[in-house]
Amino acid sequence: HHLWGIPSFLAMGLRRVLPLALLSCAMGLRQRARALAVRGGALRESIAYGGQKKPVFYDMTHSNNAARVRLWLRLVDPALSQQVESTFITYDDLRSEEYGKLNPLRKVPALVRGDGGTVFESDVILKYLEDLYGNNEAMTPATPEGRQVMNLFIRIHDIYISSPNCSADGFCHSQGAMYLSTKWHGARRGMDIATREAKIAEIFKQLTWLEANKVEGPFLCGEDMTLADLTWMPTCVFMEFLLPRVFGWADPFGTASPFPRLAAWYQGLLERPAFAETRSEIWNYWVEMEKKGQFEPIVAELNAAPERKWTYP
């Protein structure tokens, strides 16, 4: 007894394996179709939360870490605005007992899931939404190597630029050197002059690394937009506004940039309405803070220490 000229003992195995293989293939095609539906602006009900309450996202207009999630919601599908409720909060809200239950670090962003569970840390929130609504494919590379590159770009940003890696008073992230001062924010968030100098050098170091390691193509990881683009872009708005005004840099993303590949990437993103809108929200906040004098204590520190290096390259 033979099947297609195959010995019977092999044919028996094929009869068992082929249906499973075809089922696996069909499931993979359905997953890809579901991700493409999300990318294409047609959120399918099957990947929404069914009868549960809407997830609630807690945001602040000028927060670069919250903005990556806001960008994802804007870019993946307009219908997500009906699936996820966004709430903008203030610094007073961060100090409230109620918000402390959502994010014990009392920072933004935070997310309350549809089942009532709470999530904090922007990268975790972003990847949760990517999993929930995008089947881990909406803005996640299709290959292990692509995902590795994306995750490394995100980790470099989150560890060396946007996180102090300590929640105690007196510790701040490298990005904070651009806008935090003891005179304006108090000792809890301020820093000494040597720390500020080292953190500004760190920003230049990581931008230099990113310039050298950006993959060829319009996005950080190549031809497709990924979560890495959403992570870095809002922080680059901080740098675009603050580094020239306060520290005397050339516009890091302008025509005279020392990072031409990053400048082309950044300007390309701004041609997309979601990125332009997010930039405007963050930029306008810093305009207001400049009018209020937030950066004057930092400028005074820099003028009092001309022997230190503030301007790069």
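Residues numbered from 1 in each chain as written. Predicted model: local features only at pLDDT ≥ 70, side-chain atom pairs only at ≥ 80, totals over all residues. Heavy atoms only, no water.

## A word on the confidence of the model for the protein
Just so we agree on the cut-off: Note: pLDDT gives the predictor's confidence per residue, expressed from 0 to 100. Only heavy atoms enter the contact rule, under which two residues are in contact if any of them lie within 4.5 Å.
Per-chain confidence: the protein averages 86 in pLDDT, with 83% of residues scoring 70 or above. Segment residues 16-50 is flagged for pLDDT under 50; beyond a separation of four residues in sequence, or across chains, it makes 46 contacts in the model.

## Examining the nonpolar core
Generally speaking, nonpolar side chains in soluble globular proteins are found buried as a group. Note the following rule: We call a set of buried residues a nonpolar core when its members are Ala, Val, Leu, Ile, Met, Phe, Trp, Tyr or Cys and they connect through side-chain atoms within 4.5 Å of each other. Accessibility here uses a 1.4 Å probe with only protein chains present; expressed as a share of the type maximum, an area under 20% marks a residue as buried, one over 50% as exposed, and anything in between as partly exposed. Put simply, DSSP marks the helices as runs of H or I at least four residues long and the strands as runs of E at least two long, and each gets a number from the N terminus on.
Counting residues in each nonpolar core, the largest one holds 71 residues, and the members touching the most others are Trp 72, Met 178, Ile 200, Trp 232, Phe 247 and Trp 249. Those elements giving two or more residues to this core turn out to be α2 (64-76), α6 (122-134), α7 (144-160), α9 (193-213), α10 (227-247), α11 (260-269), α12 (273-292) and α13 (296-303). With 14 residues, α10 is the largest single contributor of residues to this core. Ignoring anything within four residues of it in the chain, the contact list for Trp 72 reads Leu 80, Leu 126, Leu 129, Glu 130, Tyr 133, Met 139, Leu 227 and Leu 230.

## Quick word on the pattern of salt bridges
Once their charged atoms are close, side chains differing in charge can pair, the charge on each being opposite to the other. Threshold: Salt bridges are counted wherever a side-chain nitrogen of Lys or Arg sits within 4 Å of a carboxyl oxygen of Asp or Glu.
The final tally for this structure, using the stated rule, is 14 salt bridges. Close ionic contact of Arg 74 with Glu 281 constitutes a salt bridge, the shortest N to O distance being 2.6 Å. Within this pair, whereas Arg 74 is found in helix α2, its partner Glu 281 is found in helix α12, the two being separated by 207 residues in sequence. A relative accessible area of 26% means that Arg 74 is categorised as partly exposed. Measuring nitrogen to oxygen at the nearest pair gives 3.6 Å for the salt bridge that ties Lys 291 to Glu 288. Here Lys 291 and its partner Glu 288 are both found in helix α12, three residues apart, which amounts to about one turn of the helix.

## Quick look at the packing of α9 against α11
Which entries qualify depends on this criterion: Axis lines are fitted through C-alpha atoms, for helices just across the contact stretch, and the angle between N-to-C directions can take any value from 0 to 180 degrees. Small angles under 35 degrees read as roughly parallel and large ones over 145 as roughly antiparallel, with 65 to 115 read as roughly perpendicular and the rest as oblique. Ten residue types, Ala, Val, Leu, Ile, Met, Phe, Trp, Tyr, Cys and Pro, are classed as nonpolar, four, Asp, Glu, Lys and Arg, as charged, and the remainder, Gly among them, as polar.
Where α9 contacts α11, the two axes come as close as 8 Å, and the packing angle between them is 80°. With respect to α11, the axis of α9 lies roughly perpendicular. Residues Leu 207, Leu 210, Glu 211, Ala 212 and Asn 213 of α9 form the contact with α11, whose own contacting residues are Pro 260, Arg 261 and Leu 262. Per-class residue counts for the contact of α9 with α11 are five nonpolar, one polar and two charged.

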